[in-house]
Every structure is written in C-alpha cells, then in structure tokens.
Amino acid sequence: MLKTVLAGQIALVMAAVALAGGAEAQSLKVTVITTLTGPQAPLGEQIRDGFQLGLDTLGGKLGGLPVELTIIDDELKPDVAVTKIRALLESQKQDFVIGPVFSVVKAAIFKPVTSSGAFLISPNAGLSTFAGKACSPDLFVTSYQNDQPHSVSGQFATDKGYKRAFIIAPNYQAGRDALNGFKSRYKGEVVSEDYVPLNQMDMQSEIAKIASAKPDVVFVFLPGGLGINFVKQYRQAGLTNIPVLSTFTVDESTLPAEGDAAIGFYSGTNWAPNMDNAANKVFEPAFEKKFSYVPATYAAQAFDTANLIDSAVKAAGTDHDKLRKALEKADFASVRGSFKFGVNHYPVQDFYLAKVAKRADGKLQTEILSKVLSNDVDPYAAECKMP
Amino acid sequence: MILFVVQALNGFQLGMLLFLIAAGLTLVFGVMKFVNLAHGVQYMLGAYLGVTFAAHAGGFWPALVLASVVAGLAGLVLERLIFRHLYGRSELDQVLATFGVIITLNEIVRVIWGSSPLELAMPEGLSASFQLMEGLRYPVYRVALAGAGILVAVLLAFVVNRTRVGMLIRAGASNQEMVGALGVDIGGLFRLVFGVGAMLAGFAGVLAGPLVSVEPGMGENLLILAFVVIVIGGVGSIRGAFVAAVIVGLVDTLGRAMITDAAKALLSGPASARLGPAVASMLIYLVMAAVLAVRPTGLFPARA
C-alpha cells in the first residue's frame, strides 16, 4: 500500500519536473484530481474521460492556450489527496484544479488548492459547507448542490400526489442528507425511513419490509453496489407495481451491471444522455465513440467544466481576478441547455425526472421524462456573502 | 407474522451463502493453522470467472462448474507460490502476506475485467418466483441457493466424518506432527483441503453472482462475516460452521429488520432512525462475544 502511494508520488513529481522543464511561457496548468482506484473508480473515470473529451474537442487547448494536464488519483482517501495535491502545488503553481468526485475529498483539498492561488472547480461534489456562509470566490461548482438531486424526487412525489413513501439510504452523512433532501420537498407521509450499512449485500430484508408496508412510492439513494443489489433484487421480488424514485442508484455507471432489471426505475437528475440540445448532440455520441460506454452525469459535468474554463480564458486571459469575473458569466453552451452560476458559484439550473429505458442498440440509459424544478437555487445560497 | 417468516427465510439463505465460504475457511484454518485473509478474493474470483464463462461457455450451469474448478486451481497455484511458505510462520506474517494477496488480486481483477461492476444473469430454469406474501414474490433461485448450501454441508459432513480422507483431516487438525510421523503426506493433505476450500469459495461466488453486483472488493465484506462464523462455530468444525452460519444469517437479517423497528417504536425523533441500524450492525459481534465468553473455543470445537 505504502509502496504504491510512494511510487505514485515519485512518478507525479517526476512528471511535474518534466513539465516544468518544457513549459512554454503562456500555457495553462490544469490538474484533474479524481478517484481512479477502488470500488468507486468508475465514477472517477467518467470525470477524467469527460474532461479529456472536452479538451480534445477544443484541440487540446483551453481559451486558445496550450494545456499542461496533470491527473491525480485521490484513491478516495482525504489524507492521500491532500498529500498529493500539496506536493504538486508546491512544485508547480496550477491555474485550475478540477475535482474531486466525492465530498469528503473536496473538504480536504479545498484549503490547499484555493490558498495556492488556483481555482478549484468541482465537477461533481457539491458540499453544502461551501454553498452558504463559507462560500469562496475561488471555488466553482459545475454539478449541483448535494441536496438538490434528492429534492427533485421529493417534489415529483408531491406533484404526483403520492401519499405514503418508503425511503432508504446508507447509514452515513451523505445518506442522511439525501433523505432530508427528499423530505424537504415531500408533503406526504414517510411510512418508514431506513438506513442500511454501506457494505450490506443483501437487500432482501428491506424489500420484504417494503412489500409489507405497501407504500405508494419508494425513494432510494443507494450508490454503487448497494443500488445494483437493490435493483436486481427488487425486480426479482416482483414489486413492479410500486414506483421507485432514486438518486445515483440507476445511472449509466451502474446500469450495465443492473441490466434489464433497472428498466422503469426513475432518477432525479440535471442531465441525461438523450437531452435535446445542440451541445449534447455533439457530446454524447462523441463520448461513446471515444470511450465505448454510455456517459453519466459525472462525464457530462466534467465536459461542461472544460468548456467553462475555455470560455473564461478566452475572455479574460490568465489574470486571476479577471478570470473569476469571466467564470461567473458561465458563457458557454452547456450540455444541460440552460446553465448559470448563483451568487455562491453553485449552478442555477433545471432538474428533471429521468426513467431508465433500453435503446435500439440494446444498451440502457436514463431518459428525460419531465422537468420537475426550473432554475432551481440551492437552499444555502441566500446565506452566501461573496467578498 | 408472515413478514417474520419471510425475514427468517432471508436470514437462513444468507447463512447458507456464508456457510459455503466459511466451510473452506474453517478447514484451512483448523487443519493448517493458516489464517487466509485471501479467502474472500477467491469468492470474488469465482464470481468474475462465472460472468466470463456464462458469456462464452454456454450459460450459467457450465459456468458454475468451470468457474468452481478454475477457482480451485487458482487456489492451488496461490498455495504453491505463496501460502506454502507461510505454514508454521507467525499469524502476523500470514495476515500480512494474504492481505497483500487481496490487494494484488483486486487490482488484477480490475485490470482484466475493468472497474465497473458486472452482471451475472440468473439461470433460466430457476428464474421463476412464487408468491410468499401479498405483494412479494420470492425467487426460486434463492431457495435453490439455500438448498445448495445444505447439500454441500451434508456432503462435507459425510466426507469429514465417514471417510479415510476425512479421518486424516480430523487427525491433522488435532495433531499435525503425529499424523506426519505416521507416514501420511501432510503436504498433499493440505493441498487437497486448500483446493477444496478455494473451490467452495469460487462456487459461492458464482451462486451469489445473480443476487449481488460483481465488483472488485466484493469478497471483503463477506470475509469478515465468514470469520465471525468460524469463530462462533469453532475453528475446524464443519458442523460448527453450519450452525454458526445459520445463527449469523438469522441474527443479522432479523436484527436489521426488527431492531430498527423496535428502536423507532421505543424512541422518537431522528435519533431512533440512527440508533437502530447502529445496534443492528453490532449484533452479530455481540453474539460472537457472548458465545466466546461461555465457550471460548466456539460452539463445536474440533476435538483435540
């Protein structure tokens, strides 16, 4: 373990030295820090691939400047992430640090990155901590505030008039936040609020409880393997008559493993592969062609991040304060259609309910069903006073 | 009431899956005094091989046989290359080395099959389900899995208690040197036990494939439970592993189902929603502690 960490760092330092040696006067130094090992690696790979595609379609340049790209694996360990990012920033100042996937890592690298004079642009993690009072001028979030996707399902359940909801999440902070997010917009009765251990394999016990409680609707936030097990076993139990709303449970990162069992599951989201706009019609097919898998929101948000930086550098060059003004304008064509930043540098965007469907080529994807929230501002933005 | 029966059935079936993994582990631990943390990755290997063979060798059933055999062979290769040099060394050496095997094999699996989770479809013949309670259908496959566990238990019990090989295994477990001194090929006996253990883990991996996601690291959660099972059951005892697996499966499943509801009924507010799962996930360890307090060598210790 220690050896791989050390080897990784040595390789990193060597790469940084090599880069420094050959650097041109006017180039943009960009680092992507994401999770590339461990069970959550598929999500991190989507971030890396989405950003890479953005860079490639812009001819390897952002805002006309050549890019020196460094990619760091945070291993989903906050301490490892801090060590690696510090080592990099000390050897070479970065203009932009993009990442991470997970909020725990974001909380750890926030200070080292922003105090180094780089912009931290988060293509996925949308911690509430930095959305309110502690909002930062050097942090931009291109995904969402973490509460929002969950509240989409809550709003949808309310709109549909579902009276009794059964809700499940893993027993950790993000799980509790998810269920609170759902409840914040759900007006009906929550018949059961269940927390499962993060490493639970068999969901049969929860499924039996659902069958016995006979709710009108089920809401789950079961990321990764938990969700795969739940989806397969839910179908095997034949509970087809109760609709399942979800977040990060049926998305393109887990659908290949869930197979046909996932068809008909709902997901609250800000993007789906079939979204109908010009930018997405370029992005989605190009991504599948290059990487041979269907992109999920992670990749879409990372692609948007590349285009956001491109637009800002094009308008303002590399001056930090001018760049910030340009970033705030978000003057780029998002694959999500409408996209702008709120006062706290978190997105103000539309949210949708998507449904899992099978495409003509046999692959599964989520497809937009209806718009649930328009120009949604996260609940913490009002507390943010940008200096 | 019917919900309780359903949950008990779930618990029993989880217990059978645990037994398939714990059986090999307890023999290896009992006979060879060898702490094999890499037993969980052999389960994972079985699941991955199952996915590959199911796609390229004609479906689930051939895959079940082939993956079990290949997983067993892979276990023998590991024994030959690494584990053999660890017999008789301290537990710490064994734990460190087998932990290294876990990390290495997880990464190898990632390199070969990719880091995204994979799907193993249920066999056609068992994909039906039956009505167990209103609104809930129970997959036949789960019943078959429990049946497979019972079958393996009977078979192993017969081999260990009624055959010559079994006698040697039992003898080896209680006094290795004496058996060796009597002219029995201890090395060969160890290889046999190890191969069978690895094969059972692979077999369990394929069987679990249609129920859970096949992903790197899938063996680690189960490994901890399997160790709890063999400690409760008594190291080296097949009967102990079976009884303990059923206990752990039932306690874990029923505990999660009932305690969270009880906590909600007794307490109110957000604390109850957190307390229930916390207590429920501790439950099997409490059971283990209680068993060890009364019977330090487990419920059915292999007789010395």
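Thresholds applied
Residues numbered from 1 in each chain as written. Chains lettered and ligands numbered in written order. Predicted model: local features only at pLDDT ≥ 70, side-chain atom pairs only at ≥ 80, totals over all residues. Heavy atoms only, no water. Axes fitted to C-alpha atoms, helices over the stretch in contact; angles between N-to-C directions. Helix = DSSP H or I, 4+ residues; strand = E, 2+ residues; numbered from the N terminus. Parallel < 35°, antiparallel > 145°, perpendicular 65-115°, else oblique. Left-handed = near helix turned anticlockwise from the far one by under 90°. Contact = heavy atoms within 4.5 Å. Domains from an automatic or database assignment. Buried area = accessible area lost by both parts, 1.4 Å probe. Salt bridge = Lys/Arg side-chain N within 4 Å of Asp/Glu carboxyl O. Polar contact = N/O pair within 3.5 Å; in protein donor to acceptor, adjacent residues only side chain to side chain. Nonpolar A, V, L, I, M, F, W, Y, C, P; charged D, E, K, R; others polar. Expected span 1.5 Å × (residues − 1). Patch = residues over 30% accessible without salt bridge, like charges linked within 9 Å, V, L, I, M, F, W, Y side chains within 5 Å. Areas by Shrake-Rupley, 256 points an atom, 1.4 Å probe, with all protein chains shown as cover.

K.L.:
Please set out the packing of helix H2 (residues 39–56) of chain B against helix H8 (residues 186–208) of chain B residue by residue, giving values where relevant.
P.N.:
Residues and elements named next belong to chain B. Axis separation between H2 and H8 bottoms out at 7 Å; the angle between their running directions is 50 degrees. With respect to their mutual orientation, H2 and H8 come out oblique. The two elements H2 and H8 meet at a crossing, and its hand is right-handed. In this structure, H2 uses His39, Gln42, Tyr43, Gly46, Ala47 and Gly50 to contact H8, whose residues at the interface are Phe194, Gly197, Ala198, Ala201, Gly202, Ala204, Gly205, Val206 and Ala208.

K.L.:
Give me the lowdown on the domain arrangement of chain A, citing residues and values where you can.
P.N.:
Residue and element names in this part refer to chain A. For chain A, the assigned domains read domain 1 (2–144 + 277–341) and domain 2 (147–269 + 351–376). Placing the centre of domain 1 and that of domain 2 at their C-alpha centroids yields a distance of 29 Å. Listed by partner, the interface residues are 14 residues for domain 1 and 14 residues for domain 2. Where domain 1 abuts domain 2, roughly 1000 Å² becomes buried across the two surfaces, and 51% of that area is made up of carbon and sulfur atoms. The largest share of the area that domain 1 buries against domain 2 comes from Tyr144, Val294 and Tyr298, three residues that together contribute 43% of it. At the surface where domain 1 touches domain 2, the tally comes to two salt bridges. With a shortest N-O distance of 2.8 Å, Arg359 and Glu288 are connected by a salt bridge. Viewed at the interface, domain 2 and domain 1 are joined by two residue pairs in polar contact (both at pLDDT 80 or more). Of all the secondary structure elements, the ones that give two or more residues to the side of domain 1 that touches domain 2 are helix H2 (41–57), helix H10 (278–291) and helix H11 (297–316). Looking at side-chain class alone, the side of domain 1 that touches domain 2 contains six nonpolar, four polar and four charged residues.

K.L.:
Before we move on, could you go through helix H4 (residues 91–113) of chain B and cite the residues and values that matter?
P.N.:
What sets the pattern is the α-helix's 3.6 residues per turn: residues three or four places apart point alike. For H4 of chain B, with 23 residues, the first-to-last C-alpha span of 32 Å sits near the 33 Å given by 1.5 Å per residue. Among the structural elements, H2 of chain A together with H2, helix H3 (60–81) and helix H9 (218–233) of chain B are those in contact with the buried residues of H4 of chain B. Immediately downstream of H4 of chain B, the backbone of Gly114 of chain B shows phi near 85 degrees, a positive value.

K.L.:
So what about a nonpolar patch on the surface? Which residues, and what values?
P.N.:
A contiguous nonpolar patch, built from Met1, Ile2, Phe4, Val5 and Met258 of chain B and spanning about 500 Å² of accessible area, is present on the exposed surface. Looking at the element boundaries, Met1 of chain B is found in the segment before helix H1 (2–32).

K.L.:
Outline the interface of chain A and chain B, listing residues and values.
P.N.:
A common measure of how large an interface is: the accessible area buried when the components associate. The partner chain B presents 44 residues to the 41 residues of chain A that form the contact. For the pair chain A and chain B, the number of links is two salt bridges. Across the pair Glu206 of chain A and Arg256 of chain B runs a salt bridge whose closest N-O atoms are separated by 3.6 Å. Taken together, the connections running from chain A to chain B amount to 11 residue pairs in polar contact (both at pLDDT 80 or more). Secondary structure elements with two or more residues in the side of chain A that touches chain B: H2, strand S8 (189–196), helix H7 (204–213), helix H8 (225–236) and helix H9 (255–258) of chain A. With eight residues, H7 of chain A is the single largest residue contributor to the side of chain A that touches chain B. A class-by-class count of the residues in the side of chain A that touches chain B yields 15 nonpolar, 16 polar and 10 charged.

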